[in-house]
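Given next are the chains, with one letter for each unit.
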Amino acid sequence: MKIINILLLVLSTSLTLVSANYNYGDALDKSLLFFEAQRSGKLPANQRVKWRGDSGLRDGFQQGVNLVGGYYDAGDHVKFGLPMAFAVTMMAWGVIDFVDEIKSSNQLGHTLEAIKWGTDYFLKAHTQANVLWGQVGDGNSDHYCWERAEDMSTSRTAYKIDAGHPGSDLAGETAAAFAAASIAFKHYDSAYSSLLLHHAKQLFTFADRFRGRYDNSIQNAKNFYASASGYSDELLWAATWLYQATGEDYYLAYVVNNGAFLGGTGWAVGEFSWDNKYAGVQILLTKVLLEGKGGKYTSTLQQYQAKAQYFACSCVQKNSGYNVPLTPGGLLYIRQWNNLQYVSSASFLLVAYSDYLSAHNTALKCPDGQIQPEAVLQFARSQADYILGKNPKSMSYLVGYGSNYPRYVHHRGASIPSMSVHRSTVGCAGGYEDWYHRNSADPNVIYGALVGGPDKYDQYTNERDDYEQSEPTISGTAPLIGLFAKLQGHGRPAPSYQITAPSYQKPVPVTPSYGQGSTYQKATPAVRHPYASPQQTSNVPVVFTHSITGSWRVGTNAFYRHKVVIRNTSKKHIAYLKMGIENLSGELWGLTKTYQKNIYELPAWLKGLKPGSQHSFVYIQGGPQAKVRILNYR
């Protein structure tokens, strides 16, 4: 055993610690409020988001069709059919799998209303068996303006797909939304459920018979929601949901017979989103297999199961090859633009999959070993907790949850006072001049909006014009409904710690010492730790480089972000490294905590440290010093 004690001297500051017992029920309620804020059309009497008003009341009239209703996609006022249908599918899936948990949170009525607001619109949009109106609004002209939905002055051109201008991805996803919603409503409104299922079957036939990418037919959508994955995944997705809704062998045979050609048994993916549905298909069909319904299709369903395992294993960092990257703070990092929407959808899939595995007493089989369903669930919980505030910035990325959340959201309605407060019309250009660039927090809190989230270094700018990080979407928030419901029903996590801010002020940027831009509140300049240069003890093959990479203040409290680089300076592979970290007063990311108090190991996915290689971990510290020591290595 090699022992080395390294004293981390930290400026004496105070740290507010609270138990991270996140109220998932409150987060669920706020997520549903976001969908009320995104409503287009004539608002109902029970509308809870009072700063919104009626809008888009003539949508489709120019084309001779009633397309009033539905949801605005994000911070803009376009109604994009593909992500809207995905959002409805995900909300319905949440009801299907976690209805008891949603009931216990007294949110079933609001959830079904949110689903129905979408499906009622799709019923209007599906005017003929082979016609589906897939978009209302011109994405280009809409983005030139910054105005409230109630003042909307931009084009409301409507776009459709039909037999001569197909869109199998759009029709397939809408069919999936209808089918999933039909299951959700089956025990509450059987007539409505039957109507939805009828439209689902028609749209699937249309999607399968007249094949093509929807963004070739509705080219205005290409710059905003291009169908990069093509339409094959949506055909399988729709058929899978129709099998779930009907139990008819035709649809199960379809996904089996077309599994190879359409990529369902071939594509191993690490992303699940409004564009790419393969992982969802694979996990749903694994459920069919686990339930013993595979029959003559078992061998093909096992191929789907193998790809479902790949997705889950890559998320929980247990693949021998590719794993989904993690930020230093432990967040899945899939894409730069609006990463949290991919995190929310992946986390939902993991909790659903963990339920399917648990129901059949089956473990997740990964290249790095078997993972119990509870561990899969806990990983998904870690992602939900990161969203709610357990992250290096101690910020909730769900607007309105907690006391420290984004106040400069890239959202027109949130950034401009409501009609009851500011009665004058806000014009297209005037909105940019008077409100978009205004250096003040949003006058309307858009509860439940999941913003795009931090970058790969866990940094968040909290600026309205940074749409990659600060714009929310309905496709990002929708999976949270099932996720939060499951976590609320599963019980609260074990206590841990997070930094909380007593009040909120707009951050003033400072530059951390490692050169990445940040938005911490203004404080004394970031300081280099006394042990900033490499330290090494004789005969120990590890060098630690310590630095303070960020500093900020919340009120009178000062906080520091520490980065510790562990480097193997020997000529041998270090396969195992155990460290003790004592007097740690904040959160730590980048190491795996053992069951022993204050004992940490290298992450399992790292496979040790090769000669000359390094690994870093970070922690938040504000107060008593931390003490790091190597307990042993191999």
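Residues numbered from 1 in each chain as written. Predicted model: local features only at pLDDT ≥ 70, side-chain atom pairs only at ≥ 80, totals over all residues. Heavy atoms only, no water.

J.: I keep staring at the state of the cysteines and nothing clicks. Help me out?
T.: Throughout this description, disulfide means a covalent bond between two cysteine sulfur atoms. Using the criterion set out here, one finds 2 disulfides in the structure. The disulfide partner of Cys 145 is Cys 428, and the gap between their sulfur atoms is 1.9 Å. Disulfide Cys 145 to Cys 428: torsion about the S-S bond roughly -90 degrees, handedness left-handed. On the criterion of sequence distance, the pair formed by Cys 145 in the loop between helix H4 (139-142) and strand E5 (158-161) and Cys 428 in helix H15 (residues 428-436) is long-range, its members being 283 residues apart. (Disulfide = S-S within 2.5 Å. Helix = DSSP H or I, 4+ residues; strand = E, 2+ residues; numbered from the N terminus.)

J.: Just checking my understanding: could you explain the nonpolar core for this structure?
T.: Soluble globular proteins tend to bury their nonpolar side chains together. Of all hydrophobic cores here, the largest spans 152 residues; its most connected members are Phe 35, Trp 93, Ile 115 and Leu 364. If one sorts the elements of this core by residue count, helix H2 (residues 81-104) sits on top with 14 residues. The residues contacting Ile 115, other than those within four sequence positions of it, are Val 88, Met 91, Ala 92, Val 95, Ala 181, Ala 184 and Phe 185. Among the nonpolar cores identified, the runner-up in size contains 19 residues, and Val 542, Phe 544, Ile 566 and Leu 602 belong to it. (Core = buried A, V, L, I, M, F, W, Y, C linked by side-chain atoms within 4.5 Å. Buried < 20%, exposed > 50% of the residue type's maximum accessible area, 1.4 Å probe, protein only. Contact = heavy atoms within 4.5 Å.)

J.: Whenever I open this one, the pairing of strand E4 (residues 132-136) confuses me. Can you help?
T.: A regular strand places its side chains so that they alternate between the two faces of the sheet. Across the 5 residues of E4, 5 count as buried, placing the element largely inside the fold. Strand direction decides the pairing type here: strand E3 (residues 79-80) and E4, joined by 2 bridges, are antiparallel. Opposite Phe 80, over in E4, you have Gln 135 as the bridge partner. Here E4 runs beside E5; their pairing, made up of 4 bridges, is antiparallel. Within E5, the residue paired with Trp 133 across the bridge is Lys 160. (Pairing = 2+ DSSP bridges.)

J.: What is the right way to look at unusual backbone geometry in this model?
T.: Comment: phi is negative for the bulk of residues other than glycine, and the bulk of peptide bonds are trans. In this structure, Asn 361 takes a positive phi of about 50 degrees despite not being glycine. On the secondary structure map, Asn 361 appears in the loop between helix H12 (339-359) and strand E6 (364-366). Asn 361 sits in the exposed class, given a relative accessible area of 76%. Its identity as a non-glycine residue notwithstanding, Ser 394 has a phi of 50 degrees, on the positive side.

J.: What am I meant to see in H2 here?
T.: Helical periodicity: at 3.6 residues per turn, an α-helix aligns residues three or four positions apart in one direction. Largest kink in H2: about 95 degrees, centred on Phe 98. Counting buried positions over the 24 residues of H2 gives 20, a clear majority of the element. Immediately downstream of H2, the backbone of Asn 106 shows phi near 60 degrees, a positive value. (Bend = angle between axes of the 7 residues up to and from the residue.)

J.: Help me understand the side chain of Ser 182 in this model?
T.: For Ser 182, the location among the structural elements is in helix H5 (residues 168-185). Relative accessible area serves as the criterion here: at 2%, Ser 182 is assigned to the buried category. Among the polar contacts listed, one links the side chain of Ser 182 to the backbone oxygen of Ala 179, at a separation of 2.6 Å. In this structure Ser 182 touches Ser 193, Leu 196, Leu 197 and Ala 245, once residues within four positions along its chain are discounted. (Polar contact = N/O pair within 3.5 Å; in protein donor to acceptor, adjacent residues only side chain to side chain.)

J.: Explain the sheet that holds E3 here, please?
T.: Backbone-to-backbone hydrogen bonds pair the strands of a sheet. The strands run either parallel or antiparallel. Spatial strand order, E3-E4-E5: 3 strands in an open sheet with antiparallel pairing. With partners counted over all chains shown, the strands left at the sheet margins are E3 and E5, one partner each. Those strands touched by H5 are E4 and E5, and its axis lies near 100 degrees from that of E4. (Axes fitted to C-alpha atoms, helices over the stretch in contact; angles between N-to-C directions.)

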